[in-house]
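These are the residues of each chain, in order.
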Amino acid sequence: MKENVYQRINEREYYTRLSNGLTVSVIPKPGFSKAYAMLAVGYGSVDASFECDGMELTPPKGVAHFLEHKMFEQPDGGNALQSFSQTGASPNAFTSKEVTAYHFSCTKDFGKNLEILLDYVSTPYFTDENVKKEQGIIEQEIGMVNDRPEWRVYENLMAGMFPGSPLGDSIIGTTESINTITRDTLFSCYRAFYRPSNMVLAVAGDVSPDEVCSAAEQILGTTCLNRPIRIPDLSPKSEPEQTIVSYMEVPIPIFAIGYQTKSYLAGLKEEIVSDIALDMFLGSSSKLYRSLYEQGLINREFEAGALLHRGVCATMISGESKAPQAVREAIGNAAQHISDTVGERDFERAKRAQFGSWLKRTDSFENLCRTQADAYLKGYSFLEFADVFASVTTEDVSEYLKCVFAEGACTLSQVLSKEGNA
Amino acid sequence: MKTMECEILPGIFLRAVQTRRFKTSSLAVAFLSPLEQKTASVHALLPFLLRRGCRKLPDLASINYELDYLYGASAEPLVQKQGDVQYLGFYCSGIDDSYLSPEKPMLSSLLELVHDLLLEPVLENGCFSADYVSGEKENLVSAILSEKNEKLSYAYQRAIAQMFPNQAFGVSALGDAKTARQSTAQSAFSAYQKLLKTAPLTVTYCGSMPFETVAETVKTVFSDFSREVFYNADCSKPMFITEQKECYDVMDVSQTVLFVGLKAPENEVVMKVLSAVLGGGTASKLFLNVRERASLCYYTGSVYQPRQNTLCMYAGVEEANVSVACEKMLCEFQNCVDGNITEAELEQAKQVLVNQLKTTQDTAGALLSYWLERAVGGDVKTPSELAEAICDVTREQVVGAAHACEVKLIYRLCGKEAVSDERECLPTHQ
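Description of the structure in this document. The residue numbering used here restarts from 1 in each chain and proceeds along that chain's sequence as written. To label them, take the chains in the order written and letter them from A, then take the ligands in the order written and number them from 1. For this predicted model, a pLDDT threshold of at least 70 governs which residues receive local features, and a threshold of 80 or more governs which side-chain atom pairs are given and counted, while totals over whole chains, interfaces and linings are taken from all residues. For side-chain calculations, the full set of non-hydrogen atoms in the structure is used, while hydrogens and water are omitted.

Quick word on the overall build of chain A
Consideration 1: If you tally the helices and strands in chain A, you get 15 helices and 15 strands.
Consideration 2: Computed over C-alpha atoms, the radius of gyration of chain A comes to 22 Å, within 12% of the 22 Å expected from 2.2 N^0.38 for 422 residues, which places it in the range of a compact globule.
Consideration 3: Across its three principal directions, the C-alpha atoms of chain A cover 60 × 50 × 40 Å.
Consideration 4: Type-normalised accessible area, obtained with a 1.4 Å probe on protein chains alone, sets the label of each residue: buried when under 20%, exposed when over 50%, and partly exposed for intermediate values. Looking at chain A residue by residue over its 422 residues, the buried ones come to 61%.
Consideration 5: Taking the contacts inside chain A whose residues are at least 6 apart along the sequence as the reference set, 81% of them involve residues at least 24 apart.
Consideration 6: Accessibility throughout is a Shrake-Rupley quantity obtained with a 1.4 Å probe, and a residue counts as covered only by protein chains that appear here. Working note: accessible area of chain A is about 16,100 Å², and carbon and sulfur atoms make up 47% of it.
Consideration 7: Counted as positive: Lys and Arg. Counted as negative: Asp and Glu, with His and the chain ends omitted from the count. To locate a charge, take NZ of a lysine, CZ of an arginine, CG of an aspartate or CD of a glutamate. Counting 39 positive and 56 negative side-chain charges, chain A places the averaged centre of each group 3 Å from the other. By the criteria applied, helices consist of DSSP H or I runs no shorter than four residues and strands consist of E runs no shorter than two, each listed in order from the N terminus. A radius of gyration in this sense is built from C-alpha atoms; the matching globule rule multiplies 2.2 Å by the number of residues raised to 0.38. By the convention used here, residues are in contact when the closest approach between their heavy atoms is within 4.5 Å.

Encoded structure:
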């Protein structure tokens, strides 16, 4: 294994790509009793169409998430969740737009827990009966998230920003779509994506990197299959919507504003530049934030971030406001003078703040493994961030802001009260 | 990992955990005050108001700018409750000095900032700024009303309120919107002055500095703030409703949140194990039976609160299935009372708790929260000591605790179409 040393942030990493194609990253944490492992699969809701055994498939929406739920069940009638419980480990899983990840944290028997993780993710067991049972559970999950205004405002925003693109589809699917999923659908998707060459195993803890690798080779095998063939077009198929409104019982309207552009940077640098740039333009020390806050147009829930998906950049600004439209206008007006935002002193301030925030992330095993797994699936290493921060210039930030706010298409999603509180 | 505590100055209590495990040090500085319906909101307003500006950094932007320069350090308003005690202050975190070369130690910078925020607010004619009060009052009202957006935590809060009517235990940490709207610059300022005179200040620190250094820094920074008399912060005995009650709130929701509330005996360690057997994770009775076997819900579990002696079981279910879900939850509880707890269930529940506690020691934020919660209530077990005590709990003790529990409440947060005449619909809550 290759040892990478990141002196400035006091981290080390053992990295390798196994003969079966699996990327392994082990971040040693000597002296900690906690250990954490995440097996991330490059498969999410954006992989709506793909090739499997030479055929093009477009399964029902929400299938990646459904598959995540179903992986826990085992052929012997047991469930991986209960196997973990015997050691007191805390397991979970999630599905995002691009990734399905299975993970656990534990304070003893790391080796045994790792085996359980690798074993259940590589043992699909779907029957008509257990698929039917899961439909009931996921319907309740859909009911739960649909009652959350923050979820609704985000889902609407993505749908409005990316009409006709899988980026605009809900990760969880709909009651109708999940009820058309069968065991055959699940097997096809599993075969196409659940291949070691399309996975990353990220581990943090006081554990032996060699043991991690040998467990992964023993359980996942040594055969290396090709990476899945995706049908990659994520761009919107028509003009983005300007405004989308939904009504719920909310005491104060909730909004999300999205700017959609093509990426002009890539990888880690794009992530860092967008964080610094958004901090300068909209962060809690910026002129714009101060003015919006003092006018009572936003409160402390206001935040901005960028989602970067395979060449598409979605910059999102969200919060609560009695007048979301006025917030959008204020941002639009400020965007006309975007070059005034980027001064040297303010750049230094935002860079320091963001560097601190990235460094803090490495304190959490969960964040560390998730960010590293995400990064490797995109083709880079998160731990190199200190060097990349040093290379970012004011020109990078100006270019980003100009590209997003002066040229990007803007969508406003609002959740308003039924009584009409806007 | 070393934990020490002492009274640094009259009414200023420090508890510090020295650990080199994290890149961040964290700090919570809070006044402790009795939680009361009539003062909860005006108290909750104070940290947000004080965060708007102090003499040296008179507005939000200048405070934020200073924190950004400290490598993205944070000083966020802290408003929370434990039982019937309200915490009011600031929660801070910053990169540990060993990773940076700051002009002065991060701990001093953060403590000085918190000192200034707490004790040197921006004043206009000897009172809080009317502009700041009006802005933050509006934000507080929004925050209180927005509690409804998180259905599970809102339903929990409402269920607790029903079990302790007209009592501090039932009051939310932020208070209620109606009282919040009545706050003025004058009422906020007099509440603030009373707090300065009577409320003990608790300082909780987790980071690489040795106890002596932290104690010395707190003493130096807060040397100008000392009081003779202060309130003795401790929880009182909770008084539950006498009769069992069934009630519901109506909201625009598609899924019902169901809570079964129980009065629990005073035995934190054993009750934690009972709660874990019942609904503490994926091997628990509720998860296996209500979710996995019956497919009735996506989430279900139980939550135990030692400082108010409550045990609550919950689930998110379709309204049509509420009765059957409720029966199944009560049946799982009855299984505990009847002693139907296998050795494997007991062992797994203990393992889940021990894992959580060990993990707490390895997570910066979780460790601070652990000690901050224990600033009241007299329980001074470290996470390791608590884990040891949990391992010693027997099946008989768990069954005994289940026997001593009493079902007090069945509560639903449900959609309009679910209205039923048999149970009590609660008046609109604002």
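Some details on the overall build of chain B
Consideration 1: Within chain B, the regular secondary structure consists of 15 helices and 14 strands.
Consideration 2: Along the first, second and third principal axes, the C-alpha set of chain B runs to 60 × 45 × 40 Å.
Consideration 3: Taking all 430 residues of chain B together, 63% fall into the buried category.
Consideration 4: As displayed, chain B offers around 16,400 Å² of accessible surface, 50% of which is attributable to carbon and sulfur atoms.
Consideration 5: If the 40 positive side-chain charges of chain B are averaged to one point and the 53 negative ones to another, these points end up 1 Å apart.

Some remarks on the environment of Glu246 of chain B
Consideration 1: Tracing the backbone shows Glu246 of chain B in strand E9 (residues 245-250).
Consideration 2: Linking Glu246 of chain B and Leu409 of chain B, residues 163 residues apart in sequence, is a C-alpha distance of 5.8 Å.

Notes on the packing of helix H9 (residues 268-279) of chain B against helix H14 (residues 383-391) of chain B
All names here are of chain B.
Consideration 1: Geometry is summarised by axes, namely lines fitted to C-alpha atoms with helices restricted to the contacting stretch, and by angles between N-to-C directions that run from 0 to 180 degrees. Interhelical geometry of H9 versus H14 gives an angle of 70° and a closest axis separation of 9 Å. Taken together, the axes of H9 and H14 are roughly perpendicular relative to one another. Relative to H14, H9 is oriented so that their crossing is right-handed. On H14, the residues that touch Val269, Lys272 and Val273 of H9 are Leu386, Ala389 and Ile390.
Consideration 2: Grouping the constituent residues of the contact of H9 with H14 by class yields five nonpolar, no polar and one charged. Here is the rule for angles: anything less than 35 degrees is roughly parallel, anything more than 145 is roughly antiparallel, 65 through 115 is roughly perpendicular, and the remaining ranges are oblique. In this scheme, a crossing is called left-handed if the near helix is turned counterclockwise away from the far one by less than a right angle; it is called right-handed if the turn is clockwise. The nonpolar class holds Ala, Val, Leu, Ile, Met, Phe, Trp, Tyr, Cys and Pro. Asp, Glu, Lys and Arg form the charged class, and all remaining residues, Gly among them, are polar.

Regarding the pairing of strand E1 (residues 2-6) of chain A
Residues and elements named next belong to chain A.
Consideration 1: Criterion used throughout: strands pair if DSSP finds at least two bridges between them. In this sheet, strand E2 (residues 11-17) lies alongside E1 in antiparallel orientation, the contact comprising five bridges. Considered in E2, the bridge of Val5 is made with Arg12.
Consideration 2: Counting the residues that bridge the hairpin from E1 to E2 gives four residues, and of these Asn10 lies at a positive phi of roughly 55°.

What to know about the pattern of salt bridges
Oppositely charged side chains can pair when the atoms bearing their charge come close.
Consideration 1: Just to be clear on terms, a salt bridge is a Lys or Arg side-chain nitrogen sitting within 4 Å of an Asp or Glu carboxyl oxygen. Under the defined criterion, the tally for this structure stands at 42 salt bridges over all chains.
Consideration 2: Between Glu373 of chain B and Arg374 of chain B there is a salt bridge, with its nearest N and O atoms 3.6 Å apart.
Consideration 3: By relative accessible area, which is 29% here, Glu373 of chain B ends up partly exposed.
Consideration 4: Residue Arg374 of chain B is classed as buried on the basis of its relative accessible area of 4%.
Consideration 5: Across the pair Glu406 of chain B and Lys408 of chain B runs a salt bridge whose closest N-O atoms are separated by 3.0 Å.
Consideration 6: By relative accessible area, which is 5% here, Lys408 of chain B ends up buried.
Consideration 7: Connected through salt bridges with shared partners, the residues Lys70, Glu73, Lys133 and Glu134 of chain A together with Arg291 and Glu292 of chain B form a single ionic network.

Remarks on the packing of helix H3 (residues 106-119) of chain B against helix H8 (residues 211-221) of chain B
Residue and element names in this part refer to chain B.
Consideration 1: Taken N-terminus to C-terminus, the directions of H3 and H8 make an angle of 35°; their axes are 10 Å apart at the nearest point. Seen from above, H3 lies across H8 with right-handed handedness. Of H8, the residues touching H3 (which contributes Leu107, Ser108, Leu111, Glu112 and His115) are Val214, Thr217, Val218 and Val221.

Quick look at helix H1 (residues 63-70) of chain A
Side chains three or four residues apart in an α-helix point the same way, a direct result of the helix having 3.6 residues per turn.
Consideration 1: H1 of chain A sits mainly inside the fold: eight of its eight residues count as buried.
Consideration 2: Val63, Ala64, His65, Phe66, Leu67, Glu68, His69 and Lys70 of chain A are the residues of H1 of chain A that are buried.

What about the sheet that holds strand E7 (residues 90-95) of chain A?
Adjacent strands of a sheet pair through backbone hydrogen bonds, lying either parallel or antiparallel.
Residue and element names in this part refer to chain A.
Consideration 1: Strand order across the open sheet formed by seven strands is E1-E2-E3-E9-E4-E8-E7, with mixed pairing between neighbours. Each of the sheet's edge strands pairs with one partner strand only, and the pair in question is E1 and E7. Sheet twist, expressed as the average angle between the axes of neighbouring strands with direction ignored, equals 15°.
Consideration 2: Looking at chain direction, strand E3 (residues 23-28) and strand E9 (residues 199-205) are connected through six bridges and run parallel. Among the inter-strand pairings, Thr23 is bridged to a residue of E9, identified as Val200.

Describing the interface of chain B and chain A
Consideration 1: Between chain B and chain A, the residue contacts involve 62 residues of the former and 67 residues of the latter.
Consideration 2: Overall, the association of chain B and chain A removes approximately 5,600 Å² of surface from exposure, summing both partners, and the carbon and sulfur fraction of that is 47%.
Consideration 3: Where chain B meets chain A, there are seven salt bridges.
Consideration 4: Lys148 of chain B is the partner of Glu249 of chain A in a salt bridge, and the nearest nitrogen-oxygen pair spans 3.9 Å.
Consideration 5: In protein, a polar contact requires one atom able to donate a hydrogen and another able to accept it; more generally it is a pair of N or O atoms within 3.5 Å, and residues adjacent in sequence count only if both atoms are side-chain atoms. Taken together, the connections running from chain B to chain A amount to 38 residue pairs in polar contact (both at pLDDT 80 or more).
Consideration 6: Of the residues belonging to the side of chain B that touches chain A, the class tally is 23 nonpolar, 19 polar and 20 charged. Buried area is a sum: the accessible area each of two parts loses on coming together, probed at 1.4 Å, counted once for each and added.

Here's the deal with a negative patch on the surface
Consideration 1: On the surface, Glu150, Glu301 and Glu303 of chain A together with Glu150 of chain B cluster together to form a negatively charged patch.
Consideration 2: Relative to the helices and strands, Glu150 of chain A is located in helix H5 (residues 149-161). Patch building starts from residues that exceed 30% relative accessible area and form no salt bridge, then joins like charges within 9 Å and nonpolar side chains (Val, Leu, Ile, Met, Phe, Trp, Tyr) within 5 Å.

Re the nonpolar core
The nonpolar side chains of soluble globular proteins are, as a tendency, buried together.
Consideration 1: The set of buried Ala, Val, Leu, Ile, Met, Phe, Trp, Tyr and Cys residues whose side-chain atoms join them within 4.5 Å is what this entry labels a nonpolar core. By size, the foremost hydrophobic cluster in this structure holds 200 residues, and its most contacted members are Ile331, Phe385 and Phe405 of chain A together with Phe222 of chain B.
Consideration 2: For Phe222 of chain B, the residues in contact, after removing those within four places along its chain, are Leu9, Ile12, Val29, Leu111, His115, Leu119 and Leu201 of chain B.
Consideration 3: Judged by nonpolar contacts, the second largest core, of 78 residues, contains Tyr120 and Val207 of chain A together with Val253 and Tyr299 of chain B.

With respect to the pairing of strand E2 (residues 12-18) of chain B
Residue and element names in this part refer to chain B.
Consideration 1: Of all seven residues making up E2, five are buried, and the element is well covered by its neighbours.
Consideration 2: As paired elements, strand E1 (residues 2-9) and E2 share seven bridges and run antiparallel to each other. The residue of E2 that forms the bridge with Thr3 is Val17.
Consideration 3: Taken together, E1 and the strand that follows it, E2, pair antiparallel across an intervening segment of two residues, in which Gly11 is found at a positive phi of about 80°.

Some details on the sheet that holds strand E3 (residues 24-34) of chain B
All names here are of chain B.
Consideration 1: The strand order across the open sheet built from six strands is E1-E2-E8-E3-E5-E4, with neighbouring strands paired in mixed fashion. Two strands in the sheet have a free side with no partner beyond their single neighbour: E1 and strand E4 (74-82). In this sheet, adjacent strand axes meet at a mean angle of 20° when their direction is disregarded.
Consideration 2: Note that E2 and strand E8 (residues 201-207) share seven bridges and pair parallel.

Notes on the environment of Asp210 of chain A
Consideration 1: Secondary-structure assignment places Asp210 of chain A in helix H8 (residues 209-220).
Consideration 2: Counting along the chain gives 184 residues from Asp210 of chain A to Val26 of chain A, while the straight-line C-alpha distance between them is 9.4 Å.

A look at the side chain of Thr19 of chain B
Consideration 1: Within the secondary structure, Thr19 of chain B is located in the loop between E2 and E3.
Consideration 2: Taking relative accessible area as the criterion, Thr19 of chain B reaches 5% and is therefore assigned buried.

Some thoughts on the side chain of Lys70 of chain A
Residues and elements named next belong to chain A.
Consideration 1: With respect to the helices and strands, Lys70 occurs in helix H1.
Consideration 2: A distance of 3.3 Å separates a polar atom in the side chain of Lys70 from the backbone oxygen of Asn130.
Consideration 3: Among all residues touching Lys70, those that are not within four sequence positions of it are Tyr125, Phe126, Asn130, Val131, Glu134 and Leu186.

Here's the deal with unusual backbone geometry
All names here are of chain A.
Consideration 1: A positive phi is found at Asn10, a non-glycine position, where the angle reads about 55°.
Consideration 2: Inspection of the secondary structure assignment puts Asn10 in the loop between E1 and E2.
Consideration 3: At Arg310, a position not held by glycine, the phi torsion is positive, near 30°.
Consideration 4: Along the chain, the position of Arg310 falls in the loop between strand E13 (303-309) and strand E14 (312-320).

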